[in-house]
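A structural walkthrough
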Amino acid sequence: VRGTAEEAKAGRERARKMVVRVLEVAEWLLSDHRPAVRANAIQAVGAATLALRAHPDTLNPLLHTLWPVLSRRFRDESPFVRVQAAALAGALIQDAPDFLCARVHKSFVPAAAESLRQPGSSSLSLALRHTLLSSLSAIALSVPRHAHIQEVVAITCDIAGTCLEHALSSTSPSSSSSSSAVLAEQLQAVDLLAKLADHPFLPSVGDAVWYALACRFGPDTPSPDAPPTLISSSSRVAPWRSSAVGSLSALREERGGG
């Protein structure tokens, strides 16, 4: 039995070393001049990091080394590579939220906003927008529990603002609906609301969420060029904002009572 246990341990160590080697090779290939190679390297990173998910002491230093070259793929000249990179960002934030939260917010969210502003009706463009929105949703809902409230608010509002802009400017009803769906997920996320309940000024920074929901579900559809600065006075936003503020107030009272 002892021999079997030792053999199993040795096998796990060999597997770990192999996965680490995959990430080391992928780091080099992420800068290859061929888009297909860069895309395959991104997929390899995704598989390897998933295998190391339960071993943050090994995974986090590797991600630290990989991040500079990996983050450049968020603005890759190839849309196909950007699709792969966006999907990986959404997966990685779930594998290592504590370690990557700030990094993803700083590098991926602005790149996603830029990509969402680019026109295009090809199947690849649609796939890119869908993947970007899915990853933004994953990032918004994966904020670490111990994150500072200012960081929580910054991430939430940046993602909400990005999705709001896309929802209002998109000429595709399905794409606009997908953007609004991300905002709806943010509003319905109990854990996220619990974090934001600590911030006394949330109603002022959360206007983008409530307005986008009004755009999506309200009886009237605002014009695409409606200035965001006027959203707090919009009659359509009132029910959604009231509901959100009520949910936050209930959370605060529950905490105070506990």
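Refer to the structure printed above.
Each chain carries its own residue numbering, running from 1 in the written order of its sequence. The predicted nature of this model means local features are confined to residues of pLDDT at least 70 and side-chain atom pairs, given and counted, to a pLDDT of 80 or more, with totals for whole chains, interfaces and linings taken over all residues. With hydrogens and water stripped out, all remaining heavy atoms of the structure feed into the side-chain values.

1. A short note on the nonpolar core
What counts, and what does not: Only buried Ala, Val, Leu, Ile, Met, Phe, Trp, Tyr and Cys residues count toward a nonpolar core, and they belong to the same one when joined by side-chain atoms within 4.5 Å. Throughout, exposure labels follow a simple rule: accessible area from a 1.4 Å probe, protein chains only, divided by the maximum for the residue type, with under 20% read as buried, over 50% as exposed, and the rest as partly exposed. Labels follow the DSSP assignment, with helices taken as runs of H or I lasting at least four residues and strands as runs of E lasting at least two, numbered in each case from the N terminus. Residue contacts follow a heavy-atom distance rule, with two residues in contact if any of their heavy atoms lie within 4.5 Å.
If you look at the biggest cluster of nonpolar residues, it comprises 50 residues, and the most contacted ones within it are Leu30, Leu100, Phe108, Leu136 and Ile159. Those elements giving two or more residues to this core turn out to be α1 (2-29), α2 (35-51), α3 (56-72), α4 (79-95), α5 (97-117), α6 (123-140) and α7 (149-169). Leaving out residues up to four positions away in the same chain, Ile159 has contacts with Val109, Leu136, Ile139, Ala140, Val182 and Gln186.

2. Let's talk about α3
Inclusion rule: In a helix, the anticipated span is given by 1.5 Å times the number of residues less one. At every residue, the bend is computed as the angle between two fitted axes, covering the seven residues ending there and the seven beginning there respectively.
Across its 17 residues, α3 extends 23 Å between first and last C-alpha, which sits within 8% of the 24 Å expected from 1.5 Å per residue. The largest bend along α3 measures about 50° and falls at Leu66, with the proline Pro68 one to four residues further on. Buried within α3 are the following residues: Thr58, Leu59, Asn60, Leu62, Leu63, Leu66, Trp67, Val69, Leu70 and Ser71.

3. Things to note about the environment of Ser180
Mapped onto the elements, Ser180 comes out in helix α8 (residues 173-188). As for Ser180 and Leu133, which are separated by 47 residues in sequence, their C-alpha atoms are 9.7 Å apart.

4. Side note on the packing of α4 against α5
Rules: All axes here are fitted lines through C-alpha atoms, helices being fitted over the stretch that makes contact, and every angle between N-to-C directions spans 0 to 180 degrees. In these notes the angle categories are as follows: under 35 degrees is roughly parallel, over 145 is roughly antiparallel, 65 to 115 is roughly perpendicular, and the rest is oblique. Left-handed describes a crossing in which the near helix is turned anticlockwise from the far one by less than a right angle; the clockwise case is right-handed.
Where α4 meets α5, the closest approach of the two axes is 9 Å, and the angle between their N-to-C directions is 150°. One way to sum up the angle between α4 and α5 is to call them roughly antiparallel. With respect to the hand of their crossing, α4 and α5 are arranged in left-handed fashion. Touching Arg82, Ala86, Ala89, Leu92, Ile93, Gln94 and Asp95 of α4 are Pro97, Leu100, Cys101, Val104, Phe108 and Ser115, all from α5.

5. Here's the deal with α5
The sharpest bend along α5 comes to roughly 50°, located at Val104. Restricting attention to buried positions, one finds in α5 the residues Leu100, Cys101, Val104, His105, Ser107, Phe108, Val109, Ala111, Ala112, Ala113, Ser115 and Leu116.

6. Topic: the packing of aromatic side chains
As a reminder, the rule being used: Only the six-membered ring of Trp is used, alongside the rings of Phe and Tyr, when aromatic pairs are assigned; centres must lie within 6.5 Å, and planes under 30 degrees apart are stacked while those over 60 apart are edge-to-face, with the rest tilted. Here, a charge over a ring is recorded when the distance from Lys NZ or Arg CZ to the ring centre is within 6 Å and its angle to the ring normal is within 35 degrees.
This structure, assessed with the given rule, holds two aromatic pairs. A ring pair is formed by Trp67 and Phe74, whose centres lie 5.8 Å apart and whose planes are at 65°; its orientation type is edge-to-face. When its relative accessible area of 8% is taken as the criterion, Trp67 is described as buried. A relative accessible area of 5% places Phe74 in the buried class. Arranged with centres 5.2 Å apart and planes meeting at 75°, the rings of Phe74 and Phe108 form a pair that is edge-to-face. In this pair, Phe74 sits in the loop between α3 and α4 while Phe108 sits in helix α5, placing the two residues 34 residues apart along the sequence. Among the aromatic side chains, those forming a connected cluster through ring pairs are Trp67, Phe74 and Phe108. Above the face of the Phe99 ring, Arg103 is positioned so that its terminal group lies 4.2 Å from the ring centre.

7. Observations concerning empty space enclosed by the protein
The condition that has to hold: Grid points spaced at 1 Å and placed over the protein atoms alone form the basis of the search, with a cavity being a set where a 1.4 Å probe fits but cannot get out and a pocket an open set showing protein on both sides within 12 Å along at least five of seven lines. Lining residues have an atom within 4 Å of a point. Grid points are joined across faces, edges and corners, and a volume is the space filled by probe spheres set on the points.
Summed over the entire model, instances satisfying the criterion amount to two cavities of 30 Å³ or more. Of the voids in this model, the second largest cavity is the one considered here, and its volume is about 40 Å³. Surrounding the second largest cavity, Phe74, Arg82, Ala86, Phe108, Ala111, Ala112, Ser115, Leu128 and Leu132 form its lining. Mapped onto the lining of the second largest cavity, the elements with two or more residues apiece are α4, α5 and α6. With four residues, the top contributor of residues to the lining of the second largest cavity is α5.

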